[in-house]
Amino acid sequence: MTTSGGQLPAGFFGQTLLVFRRENLAGYRSYPKLVGETGGKGFIFAHNSANPQELATAIVRGSFEYQGQKCSAATRAYIPQSLWEKTQKLLLQMISGIKMGDVRDFSNSVNAVVDEISFDKIMLYISKAKSTPGAKIIAGGKGDKSRGFFIEPTLIVTDNPKSITMEEEIFGPVMTIYIYDDQQFTETLSLCDETSPYGLTGSIFSNDKYAMVEACRVLRYAAGNFYINDKPTGAMVGQQPFGGARASGTNDKAGSHLNLIRWVSQRTIKETLLPATDFKYPFME
């Protein structure tokens, strides 16, 4: 069983396996294989040694390509106070240059979201952000479904790292940013790890090797695909194994032999050339 792109309750995979066991096990000669991928809440985490130009580019590409409608999309970012002013300026400049329109025009960076249900859901999250104290929309925030389902690339800044748009998967062109104190790097890494039930993709931007290693260690279980100085999207299937755990799935790494192993039933054969002839072991004498 494989699922993709949905937001599922905690314990989903265990519950599903019980359904297989109770209702369908009699039809199997062996226990069924369960392979699952659901959604993600991809993050971008910046250390104060990061390059703002590279950081801003990754946020725009990672959040708004494919209208944010891919499980690996970046939807939350943690940026140190010392980098925020310059990064914000670059973000607003880049977003102002994004064109929206028909997919047949390759100069359009953002197209319509997949359907009206998605449009309404995404706009509901944006509406909640507008009415949430401590949250501010600094770019986008508007949608138009008079002809197609178009939503502007939306940038939210929040002072609450556990706000709804920081925790829940939106599956649309919405990025929420939390600005943290430079001195709280380690604590904010832990915050990032604990905020979302998902564990699909994430990235660290840093030119400090020690900070990079620390981030990799603390965020070990927060992202099955972890990127260093790059956006957390765009894995090339067949070259870069892809998958995540926690609420994101069973982390079977599609695109590699690791995934194939999940679909086979291994058999072990042992041949003994000198079989035992006495039930007693030497130490029993």
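Residues numbered from 1 in each chain as written. Predicted model: local features only at pLDDT ≥ 70, side-chain atom pairs only at ≥ 80, totals over all residues. Heavy atoms only, no water.

> For this particular structure, what's the right way to read the side chain of aspartate 193?
In this fold, aspartate 193 is placed in helix α6 (residues 185-195). Relative accessible area serves as the criterion here: at 18%, aspartate 193 is assigned to the buried category. Contacts of aspartate 193, omitting those with residues within four sequence positions, involve Val218, Leu219, Tyr221, Ala222 and Arg246. (Helix = DSSP H or I, 4+ residues; strand = E, 2+ residues; numbered from the N terminus. Buried < 20%, exposed > 50% of the residue type's maximum accessible area, 1.4 Å probe, protein only. Contact = heavy atoms within 4.5 Å.)

> Even after reading the chapter, I still don't get the environment of isoleucine 79, so can you show me in this structure?
As for its placement among the helices and strands, isoleucine 79 is situated in strand β2 (residues 74-80). Residues isoleucine 79 and tyrosine 178, 99 residues apart in the sequence, show an inter-C-alpha distance of 6.4 Å. Filtering out sequence-adjacent residues up to four positions away, isoleucine 79 remains in contact with Ala46, Leu55, Ile59, Trp84, Thr87, Ile177, Tyr178, Ile179 and Tyr180.

> Explanation requested: helix α4 (residues 116-130) in the structure shown.
In an α-helix, one turn spans 3.6 residues, which is why side chains three or four residues apart end up on the same side. Taking 1.5 Å as the rise per residue, α4 with 15 residues should run 21 Å; its terminal C-alpha atoms sit 21 Å apart, in good agreement. Those residues of α4 lying buried are Ser118, Phe119, Ile122, Met123, Tyr125, Ile126 and Ala129. Buried residues of α4 fall within an arc of 150 degrees about the axis and therefore sit on the same side. The N-cap residue of α4 is aspartate 115: its side-chain oxygen and the backbone nitrogen of isoleucine 117 are 3.3 Å apart. (Expected span 1.5 Å × (residues − 1). Arc of directions from axis to C-beta. Polar contact = N/O pair within 3.5 Å; in protein donor to acceptor, adjacent residues only side chain to side chain.)

> Just to check I follow, could you spell out the packing of helix α2 (residues 52-64) against helix α3 (residues 81-96) for this structure?
Working note: a packed helix pair is described by the angle between its axes plus the distance between those axes. At a minimum axis separation of 9 Å, α2 and α3 run at an interaxial angle of 45 degrees. One way to sum up the angle between α2 and α3 is to call them oblique. The chirality of how α2 crosses α3 is right-handed. Facing α2, whose interface residues are Pro52, Gln53, Leu55, Ala56, Thr57, Ile59, Val60 and Phe64, α3 presents Leu83, Lys86, Thr87, Leu90, Leu91, Met94 and Ile95. In terms of residue class, the contact of α2 with α3 is made up of 11 nonpolar, 3 polar and 1 charged. (Axes fitted to C-alpha atoms, helices over the stretch in contact; angles between N-to-C directions. Parallel < 35°, antiparallel > 145°, perpendicular 65-115°, else oblique. Left-handed = near helix turned anticlockwise from the far one by under 90°. Nonpolar A, V, L, I, M, F, W, Y, C, P; charged D, E, K, R; others polar.)

As far as function goes, none of this settles anything; it's purely spatial.
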